[in-house]
Amino acid sequence: MVKLSGAILLAAFGALAHAQTQQELLRDGNGGSSDNVLTYGMGYHQQRYSPLKQINKSTVKHLVPVWSLSLANEVGEQAQPLVYNGVMYVSNVRQTVAIDIATGRQIWATPIEWDPAAARVVCCGLSNRGVALYDGKVFVASIDAYLKALDAKNGKQIWRTKVAEWKEGYSITSAPTVVNGVLITGMTGGEYGVRGFVAGYHPETGSQLWRRYTTAGPGEKGHETWPAGDAYLRGGGSTWITGSYDPDLDLTYWGTSNGGPWDANWRPGDNLWVASVLALRPKTGDIVWHYQWTPAETYDYDGNNENVLADIMVNGVKRKVLMHADRNGFLYVLDRSNGQLLAGNPYVTVNWAERIDLATGRPVETEVAKRLRSGEKVELKPRWTGGKNWFPMAFNPNTGLLYLPMKEETAIYQVNKERPAYKPGERYQGVENTTAPRTPGAAWGYYAALNPLTAKPKWRMPLTEFPMWSGMLSTAGGLVFSGKLTGEFIAIDEDTGKIVWQFQTSSGINAQPITYTHNGRQYVTVLSGLGGGTSAKRETAGKIQPGGSVWTFALMPE
């Protein structure tokens, strides 16, 4: 059922709407119209940087909310909105909504229907991280692993394609993307013994063009890193964060998750391509190169975190790089043309590995890791939620710094003595894990500005009340925007790390802000709505109310 908020809005929208082209997508974040935000990450490079500076360190004190719209959802908001020709598109697990930028009024809302029983296989929390736009269509996925195309003008469904079977543990929580004319989606299910994949579809019809499995099977390069038998069929490697794209190299970069089961003793070997990044040809899904963040992954260190693309100076030479802050606590810089490791340094406290060997590209594991693999109960740093989880960092090409939220938690971790039994759609982990008690007053983590090649901070802002789950946005106005679980939407001075402005939204923020213009005025938008898995909820229960909404801000008129 499509709900329209009025014939006048719909007619106005119909006059504005026309097909998004691949050229428009390529220009997003690269000198395209500042009125639009067309891709996840505000550009295929996923830098989440804007050259807009109407809102800056001097004017931010005049930043005020100009409209807010309820999303009628109490299970959490994690999506990044997209904007095209004066219309904003947002999504959550319940619906996709088109909003008039000028007024904040709903144009249409289309429910995302899914089998309620599918909620039991979704890790972690009922999440939807956004939509894709292309050729007059809005593409959105559902947690029961369907991909859908809606008419951007009225929200009516054009086609619906089944990507995988949720009863086998598959779901989709990520935003799809359109790259070189191919609609690409990842999936999730690494806790359920699935075989991970990335898949490409025809955006006009929804027919599948290719499927690239992320656990190497018989006859494929990398299969020798799996034990004999069919362990690869339950090997994990899910792809639950949207990939970035380099149009010059024609490569799209997708991270992969933990192995299945979590305990690698039952799948001896490096297990390619688990806990890795894959560089794929978008037309075919062919793997051009890979790099494995955590070989023989046994810590639940998913390698899905965003892969940010930039051209930076490395030892006096400008290199095309991929930057990645992994769950395992290391910040990596790779040559994105071939996967060569250029830097790998810890950015939080790490005790499972001493360092990343630049010659081999592999971690040098510590006695803690060896004791864990032998079955001993250990304190593991970082915790399985990572030094950084899925919430994206930002890169400012002018300062050369990464702005990211980081976490400092410790796990009590032990692998089970018995091999876990595999049952379709049920947890397939084989470990016991809890969280170590925190020292009162100790920081949950930090907002920080880091040098990508050294992981050394220019500044760090400790967060002592709650952990953070919101992404970052950097602007030419000298500001970095993010949100807190307590609901404050904040602006940070990029030079000092001090909060220079904040506004209390109606719920916790665990989403990713964007900025854009409309009729010459700069806006900033973020979704508010407490959600996510138990890690985000355990400390907020009874303290922060759920309830999803969109908040949009601009400078107060003079």
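Just above, that's the structure.
All of the points below concern the structure found in this document. It should be emphasised that the depicted structure is a prediction, and the values quoted were computed from it without experimental measurement. (Residues numbered from 1 in each chain as written. Predicted model: local features only at pLDDT ≥ 70, side-chain atom pairs only at ≥ 80, totals over all residues. Heavy atoms only, no water.)

**Comments concerning the sheet that holds strand E21 (residues 317-325)**
Strand order in the open sheet formed by four strands is E20-E21-E22-E23, and the pairing between neighbours is antiparallel. Strand pairing shows two members of the sheet lacking a second neighbour, strand E20 (308-314) and strand E23 (341-346), which therefore form its edges. Strand-to-strand twist in this sheet, taken as the mean axis angle between neighbours without regard to direction, amounts to 30 degrees. The pairing of E20 with E21 spans seven bridges and is antiparallel. The residue of E21 that forms the bridge with Ile312 is Arg319. (Pairing = 2+ DSSP bridges. Helix = DSSP H or I, 4+ residues; strand = E, 2+ residues; numbered from the N terminus. Axes fitted to C-alpha atoms, helices over the stretch in contact; angles between N-to-C directions.)

**Notes on the nonpolar core**
Grouped together as the largest cluster of nonpolar side chains are 93 residues, with contacts concentrated most on Met88, Tyr89 and Phe481. In terms of residue count, the dominant contributor to this core is strand E39 (residues 549-555) (five residues). Listed in part, the 53 residues of the second largest apolar core include Val277, Phe330, Tyr347 and Trp352. (Core = buried A, V, L, I, M, F, W, Y, C linked by side-chain atoms within 4.5 Å. Buried < 20%, exposed > 50% of the residue type's maximum accessible area, 1.4 Å probe, protein only.)

**Considerations on unusual backbone geometry**
Here the bond from Gly260 into Pro261 is cis, since omega is -5 degrees, no more than 30 degrees from zero. Looking at where Pro261 falls in the secondary structure, it is placed in the loop between strand E17 (251-255) and strand E18 (276-280). In this chain, Leu272 is followed by Trp273 through a cis amide linkage whose omega measures 5 degrees. With a phi angle near 60 degrees, Met42 is a residue other than glycine that sits in the positive phi range.

Nothing here speaks to function; it is geometry throughout.
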